[in-house]
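Close look at the chain arrangement
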Amino acid sequence: MLMFKDIRKLSGWLAWQDFSIIRTVVSAQNGEGAAVLEIGVHHGKSFIPLAHFSADRKLYAIDVFGRQDLNVDGSGHGDKTAFLGNLHAFGVDASRVTIDERLSNDVSASEILSAIGPVSFFHIDGGHHMSAVTNDLELALRTVTPSGVVAIDDTYRPEWPDVTQAVFSNVDFQREFRQFAIGFNKSYWCRPDFVQHYQKVIRADSNLDAFLRKTYAVPEGELPIYQEYPLPEWSIASVLRWYTSLRFPGLSVMLQRSSAFRSFVALLRRLKRAISR
Ligand SMILES: C[S@@+](CC[C@H](N)C(=O)[O-])C[C@H]1O[C@@H](n2cnc3c(N)ncnc32)[C@H](O)[C@@H]1O
């Protein structure tokens, strides 16, 4: 089975938490047989897990690759040679993949549907400006199955404010889809009837649950959140915990599970209290 450490060194952007959410959600959809699509495949860091966990389902990869003059906001720098090399290195069957080298604004929903049929996992990670994200949400609205998922990279990220604005100002998208999880750097959406289903799927993963930072009450229930931003008020211990979970997620899970480590932390806290009295 593909592990996060296998793809960690690939050029691109994917956190352990989002890798794990992709693994659990995509694997849970395999019985349905519908396709998987990513806009902005870059070198394949997130596309390879999507391909790996989706059994033999069809895949659609969109990236302008060599036409970086079209990548107007400079989000990443796709490279077809690197992408194809990584697909080969990770054993992705090329016959499953339709590669579309156009700007996503030039791709129509009917072209996607006729190439791969309806989509059950639609990952938006291409252009990060208003018109690109709005276009990509509209493609999702027209191609995603009733039980399908839309994942949107960089939602809430201050460096890319248009992403958040495009998502929350899109009346059609907001009417049809509900957020069922906030990952490390992606938001995950499905239609209201499936929110609880997908939340159950991801909460069943005990390793992922070790990275749950909070749940937040929304009309559909408790929204799981797997991200937190460091604050100037944090103690050194909190910063170390945060850094360990960021850079060494496997170690972080192990430490959280270790009763010896928990006792050691409790001892340090008691010592600190005793010293400060
Ligand atoms: C942030 S990167 C994607 C990261 C990637 N998903 C990963 O796993 O690391 C964005 C990619 O989208 C491509 N791109 C940017 N704007 C685009 C657009 N409007 N249509 C299609 N591709 C676009 C870029 O070439 C780049 O490879």
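Residues numbered from 1 in each chain as written. Predicted model: local features only at pLDDT ≥ 70, side-chain atom pairs only at ≥ 80, totals over all residues. Heavy atoms only, no water.

1. Focus on helix α9 (residues 195-203)
- Buried residues of α9: V195, Y198, Q199, V201 and I202, and no others. The arc that holds every buried residue of α9, seen down its axis, measures 160 degrees, which confines them to one face. Exposed residues pointing more than 90 degrees away from the buried face of α9 are listed as Q196 and K200.
- Its buried side turned inward, α9 meets α2 (16-28), β5 (144-153), β6 (178-182), β7 (186-190), α10 (206-209) and β9 (221-225). (Buried < 20%, exposed > 50% of the residue type's maximum accessible area, 1.4 Å probe, protein only. Helix = DSSP H or I, 4+ residues; strand = E, 2+ residues; numbered from the N terminus. Arc of directions from axis to C-beta. Contact = heavy atoms within 4.5 Å.)

2. Quick word on the packing of aromatic side chains
- Following the criterion strictly, the structure yields 13 aromatic pairs and no others.
- Where F47 meets F83, the ring centres are 5.3 Å apart and the plane angle is 65 degrees; that geometry is what we call edge-to-face. Of this pair, F47 sits in helix α3 (residues 47-53) while F83 sits in helix α4 (residues 80-89), and the two are 36 residues apart along the sequence. Of the two residues, F47 and F83, both sit in the buried class.
- Their ring planes at 70 degrees and their centres at 6.4 Å tell us that W234 and W242 sit as a pair that is edge-to-face.
- Three or more aromatic residues joined by ring pairs make a cluster, and in this case those are Y156, F168, F173, F177 and W189.
- Taking the ring centre of W234 as reference, the NZ or CZ of R241 above it sits at 6.0 Å. (Phe/Tyr/Trp six-rings, centres within 6.5 Å; stacked < 30°, edge-to-face > 60°. Lys NZ or Arg CZ within 6 Å of the ring centre and 35° of its normal.)

3. Topic: the site of the ligand
- With respect to spatial proximity, 21 residues lie near the ligand, and among them W13, G40, S46, D63 and D125 are the closest.
- A distance of 2.7 Å separates an oxygen atom of the ligand from a polar side-chain atom of D63.
- One of the backbone N or O atoms of S104 is found 3.0 Å from a nitrogen atom in the ligand.
- Contact with the protein chains hides 98% of the accessible area of the ligand, taken as 600 Å² for the molecule alone. (Near = heavy atom within 4 Å. Polar contact = N/O pair within 3.5 Å; in protein donor to acceptor, adjacent residues only side chain to side chain. Areas by Shrake-Rupley, 256 points an atom, 1.4 Å probe, with all protein chains shown as cover.)

4. Here we look at the nonpolar core
- One finds I7, V25, F47, F121, F180, Y188 and I202 to be the most contacted residues of the largest nonpolar core, which totals 41 residues.
- Looking at this core element by element, the count peaks at 6 residues for α2.
- With residues up to four places along the chain from it excluded, the contact list for F180 reads V25, V149, Y188, W189, C190, V195, Y198, Q199, I202, L223 and P224.
- In this structure, I39, A109, V167 and F177 belong to the second largest nonpolar core, which totals 26 residues. (Core = buried A, V, L, I, M, F, W, Y, C linked by side-chain atoms within 4.5 Å.)

5. Observations concerning the pattern of salt bridges
- Scanning the model with the defined rule gives 15 salt bridges in all.
- A salt bridge links R157 to D154; the nearest nitrogen and oxygen atoms lie 4.0 Å apart.
- Exposure remark for R157: the relative accessible area of 23% places this residue in the partly exposed category.
- In this structure D154 comes out as buried when scored by relative accessible area, which is 6%.
- Ionic pairing is found between R157 and E159, a salt bridge with its closest N-O pair at 3.3 Å.
- Overlapping salt bridges, with partners in common, bring together D100, R102 and E111 in one network. (Salt bridge = Lys/Arg side-chain N within 4 Å of Asp/Glu carboxyl O.)

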